[in-house]
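Now for the letters of each chain:
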Amino acid sequence: MKYILVTGGVISGIGKGIIASSVGTILKSCGLHVTAIKIDPYINIDAGTFSPYEHGEVFVLDDGGEVDLDLGNYERFLDIRLTKDNNLTTGKIYQSVINKERRGDYLGKTVQVVPHITDAIQEWVMRQANVPVDDDDVEPQVCVIELGGTVGDIESMPFIEAFRQFQFKVKRENFCNIHVSMVPQPSATGEQKTKPTQNSVRELRGLGLSPDLVMCRCSTPLDNSVKEKISMFCHVEPEQVICVHDVSSIYRVPLLLEDQGVVGYFCRRLNLPIETRPRKMLAKWKEMSDRSDRLLEQCSIALVGKYTKFSDSYASVIKALEHSALAISHKLEVKYIDSADLEAGMLQEDPVKYHEAWQKLCSADGILVPGGFGVRGTEGKIQAISWARKQKKPFLGSLPLKCIKTECSAAAVNVTHANSTEFDPETKYPVVIDMPEHNPGQMGGTMRLGKRRTIFKTKNSILRKLYGDVDYVEERHRHRFEVNPELKQHFEEKGFHFVGQDVEGERMEVIELLDHPYFVGVQYHPEFTSRPIKPSPPYLGLLLAAAGGLPAYLQKGCRLSPRYELISPDSEIADFKLCSLTQE
């Protein structure tokens, strides 16, 4: 097993996740099996109880793990399926060590950070690195490990110490360290400054880790003189200083690393059994990136949510929209709308903000209402859903289904005060109720989580056709509430059809509205399984409907017409399929 540790300096949020994903991508393109581990030094057991404003969205895995959004990047870039143990936190490590101590596993020893915590970290990494993550169930050959936070943070010290020991345990030829740093360029002088990187590397080396590659995040390409200066003061060769400047698309980052000889360096440093010639998989990435830059036609989607001030709160949603927009050769414009701005109260509080929000909503080609918890902003979401329903505007919702069912129920059951027990526990008309297994006294890990099967109950469902006319799909869930099954008949009498249900037929999973171009609500989160060249079918349907191409797409048997061709036929990636369907 080869281990590649990615650390960061100067500031957090510098792009370690994208760089770690890109490193894995170029190694996978060489034919290697690659896995990834994200280490978060916070004391939380997992990301499940975080506000989206803390660390961005909570990404959900097949096994129900609620993890950091960087694991979403790993899955999208590498096209792998990770488990909750691929996200390691201080909380998990301390919990496992304390449980061992309570069982008496340490035989009366004093339990300390060194060696017990550091040993537990190393054992966890070595154990998880061998878990297969590809469909072929082959054991990985390379493990990319991203250490969250910044070198020097007090909470990450046990992890730094663990990897200082780890490099000797697994031997030098099986371990290397990439340090991601920042090279600022003050506008006053326009000069690229190396001092933050020098200080960051000096601190890392003082802790016992010497970086093999220094990857410099910067706004413009590094000058040769700057590279040489970093080389001189950071104890690396000039070719070990890699420039990762701002690019038009994150999908260009693997190509950027490849162009600077990163694969060749890994071959020499880790004795990897691979060829250094250009690889087909990277040609696919280049084609995709080039097409993304050439897009001219535009499609706008109004994203109505509670956390729109921080785009990472909807990271997977945005990526799923981008994947689908690329598939139909359209440039995506996302119009972020705070759902609270659509509410009547905002008209008195701030009329300008209220009218701007409604102008954005009305001018968009399609409307998306992603998931969210709590009462705040709920009325605004319901208003957006109502407008999409009445104006026949393409709509996709994953609330999960709460607001959709609450809004639709008012129309279907003719009850003005229909509500969810989440929003109003004492409501007389509960159209959305707690699930029986929900534990209201415990927040973490008590929702309906992970991959679940949804059975299609009708042949003429739009979503079923988008999925390839399959009998069932398996998608990831994260919700505490569900539709009241007693009201199912009332919905369907008014044209709202529950076309998808769970295996037992008790939970409503997919709702569609008849006599509407595209009105789809799903209980699950399809964005978590979207991939750059395999976009999520519900999102693809939304983009096609917004661009006016959905009827033709369905008429052609869910195959893209030449106008919406996913890949140019003369490229090396013509063998990729869209949504598992053969393209024209």
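Preceding block: the structure.
The rules we used
- Counting starts from 1 at the beginning of each chain's written sequence and moves along it residue by residue.
- Predicted model: local features are reported for residues with pLDDT of at least 70 only, side-chain atom pairs are reported and counted for 80 or more only, and whole-chain, interface and lining totals are derived from all residues.
- Derived side-chain values reflect all non-hydrogen atoms in the structure, with water molecules and hydrogen atoms excluded from consideration.
- Where helices and strands are cited, they refer to DSSP runs of H or I of at least four residues and of E of at least two residues respectively, numbered from the N terminus.
- Each residue is placed in one exposure class: buried if its accessible area under a 1.4 Å probe, protein chains only, is under 20% of its type's maximum, exposed if it is over 50%, and partly exposed if it falls in between.
- Note on contacts: a residue pair qualifies if any of its non-hydrogen atoms lie within 4.5 Å across the two residues.
- Surface exposure here means Shrake-Rupley accessible area, sampled with a 1.4 Å probe, where a residue is shielded only by the protein chains that are shown.
- Between any two strands, at least two bridges found by DSSP are needed for them to pair.
- Angles here are taken between N-to-C directions and fall from 0 to 180 degrees, while the axes themselves are lines fitted to C-alpha atoms, restricted in helices to the stretch in contact.
- A 1.4 Å probe that fits but cannot get out identifies a cavity on a 1 Å grid over protein atoms alone, an open set with protein on both sides within 12 Å along at least five of seven lines counts as a pocket, and a residue lines either if it has an atom within 4 Å of a point.
- Grid points are joined across faces, edges and corners, and a volume is the space filled by probe spheres set on the points.
- In the scheme used here, Gly and all other residues not listed as nonpolar or charged are polar, with Ala, Val, Leu, Ile, Met, Phe, Trp, Tyr, Cys and Pro taken as nonpolar and Asp, Glu, Lys and Arg as charged.
- By definition here, a helix of n residues has an expected span of 1.5 Å times n minus one.
- Each direction from the helix axis to a C-beta atom contributes to the arc, which is the arc of those directions.
- Salt bridges are counted wherever a side-chain nitrogen of Lys or Arg sits within 4 Å of a carboxyl oxygen of Asp or Glu.
- Seen with its strands pointing away from the viewer, a crossover is right-handed if its path from the first strand over the helix to the second goes clockwise.
- Stacked, tilted and edge-to-face pairs are distinguished by plane angle, under 30 degrees for stacked and over 60 for edge-to-face with tilted covering the rest, among Phe, Tyr and Trp rings (Trp via its six-membered ring) whose centres lie within 6.5 Å.
- Only buried residues count toward a nonpolar core. Its members are Ala, Val, Leu, Ile, Met, Phe, Trp, Tyr and Cys residues joined through side-chain atoms within 4.5 Å.
- Roughly parallel means an angle under 35 degrees; roughly antiparallel means over 145; roughly perpendicular covers 65 to 115; every other angle is labelled oblique.
- Throughout, a crossing is termed right-handed when the near helix is turned clockwise from the far one, and left-handed when it is turned anticlockwise from it by less than a right angle.

Enquirer: Whenever I open this one, the overall build of the protein confuses me. Can you help?
Expert: Within the protein, the regular secondary structure consists of 20 helices and 21 strands. Within the protein, buried positions represent 59% of all 584 residues. Counted over contacts in the protein with a minimum sequence separation of 6, partners at least 24 positions apart contribute 71%. Per element, the accessible surface of the protein, about 24,000 Å² overall, is 50% carbon and sulfur.

Enquirer: What is the right way to read the sheet that holds strand β17 (residues 472-479) from this model?
Expert: In any sheet, the strands associate via hydrogen bonds between backbone groups, in a parallel or an antiparallel arrangement. Spatial strand order, β11-β10-β12-β13-β21-β20-β19-β16-β17: nine strands in an open sheet with mixed pairing. Where the open sheet ends on each side, the last strands, each with one partner, are β11 (331-338) and β17. Strand-to-strand twist of the sheet, defined as the mean angle between neighbouring strand axes without regard to direction, takes the value 25°. Across three bridges, the pairing between strand β10 (residues 298-305) and strand β12 (residues 366-369) is parallel. Residue A302 lies in a different strand from β12, and its bridge partner there is I367.

Enquirer: Any chance you could explain empty space enclosed by the protein here in plain terms?
Expert: With a probe scaled to a water molecule rolled over the atoms, the places where space remains empty come into view. For the structure on display, the rule yields three cavities of 30 Å³ or more. Of the voids in this model, the largest cavity is the one considered here, and its volume is about 40 Å³. In terms of lining residues, the largest cavity is bounded by Y42, A47, F50, H55, G56, E57, V58, D68 and L69. The class makeup of the residues in the lining of the largest cavity is five nonpolar, two polar and two charged.

Enquirer: Could you clarify how one ought to interpret helix α7 (residues 195-206) in this entry?
Expert: Each full turn of the α-helix corresponds to 3.6 residues, which orients residues three or four apart in the same direction. Between the first and last C-alpha of α7 there are 16 Å, a value that for 12 residues agrees with the 16 Å anticipated at 1.5 Å per step. Within the span of α7, buried status applies to T197, Q198, S200, V201 and L204. The buried side chains of α7 occupy one side of the element, clustering within an arc of 165° when seen end-on. Residues of α7 that are buried in the fold lie against β1 (2-8), α6 (157-169), β7 (175-182), β8 (213-218) and α8 (224-234). Following α7 by one or two positions, G208 adopts a phi angle in the positive range, close to 105°.

Enquirer: Would you mind showing me how to read the pattern of salt bridges here?
Expert: For side chains bearing opposite charge, pairing can occur when the charged atoms are close. Using the criterion set out here, one finds 29 salt bridges in the structure. E101 is the salt-bridge partner of R102, the closest N and O atoms lying 2.7 Å from each other. In this structure E101 comes out as partly exposed when scored by relative accessible area, which is 31%. Here R252 makes a salt bridge to D293, at a shortest N to O gap of 2.7 Å. A residue pair is termed long-range when its members are at least 10 positions apart, and R252 in the loop between β9 (241-245) and α9 (253-259) and D293 in helix α11 (residues 280-294) qualify at 41 residues. Of the residues examined, R252 reaches a relative accessible area of 19% and is grouped as buried.

Enquirer: Teacher, can you tell me more about the pairing of β11 here?
Expert: Working note: regular strand, side chains alternate between the two faces of the sheet. Two elements, β10 and β11, share eight bridges in a ladder whose sense is parallel. Its bridge partner lying in β11, C299 is registered against L332. This β-α-β element, β10 to helix α12 (residues 315-327) to β11, shows right-handed connectivity.

Enquirer: Is there a simple way to explain the side chain of D70 in this structure?
Expert: Examined against the element boundaries, D70 turns out to sit in helix α3 (residues 70-78). Other than its neighbours up to four places away in sequence, D70 contacts G17, K38 and E146.

Enquirer: Help me understand the packing of aromatic side chains in this model?
Expert: By convention here, two paired aromatic rings are described through the distance between centres and the angle between planes. As enumerated under the stated definition, the model contains 13 aromatic pairs in all. Aromatic pair Y42 and F50: ring centres 4.9 Å apart, planes at 85°, arrangement edge-to-face. Like Y42, the residue F50 is buried in the burial classification. By way of ring pairs, the aromatic residues Y3, F163, F166 and F175 are connected into one cluster.

Enquirer: Would you mind showing me how to read the sheet that holds β7 here?
Expert: Read across the open sheet, the seven strands follow the order β5-β2-β6-β1-β7-β8-β9; overall the sheet is parallel. In this open sheet, the two edge strands, each paired with only one partner strand, are β5 (87-89) and β9. Going from strand to strand, the sheet's axes swing by 20° on average, the running direction of each strand aside. The sheet contact formed by β1 and β7 spans six bridges and is parallel. Counted as the bridge partner of Y3 is F175 from β7. On the sheet, helix α5 (residues 113-129) packs against β1, β2 (34-40), β5 and β6 (142-147) and is oriented at approximately 150° with respect to β2. Relative to β7, α7 is tilted by about 145°, and along the sheet it contacts β1, β7 and β8.

Enquirer: I tried to follow the nonpolar core on my own but got confused; where do I start?
Expert: Nonpolar side chains in soluble globular proteins tend to end up buried together. Ranked by size, the top nonpolar core spans 54 residues in total, and within it I4, V23, L27, I178, M215, L257 and F266 carry the most contacts. Membership of the second largest hydrophobic core comes to 37 residues, among which are A327, L466, L540 and C558.

Enquirer: How do you make sense of the packing of α5 against α6 when you look at a structure like this?
Expert: Each pair of packed helices gets described by two things: the angle between the helix axes and the distance between those axes. One way to put it is that α5 packs onto α6 with a least axis distance of 9 Å and a crossing angle of 65°. Between α5 and α6, the interaxial angle falls into the category roughly perpendicular. In this structure, α5 crosses over α6, and the sense of that crossing is right-handed. Residues V113, V114, I117, T118, D119, I121, Q122, V125 and M126 of α5 touch α6, and the partners they reach there are P158, F159, E161, A162, F163, Q165, F166 and K169. Classifying every residue of the contact of α5 with α6 gives 11 nonpolar, three polar and three charged.

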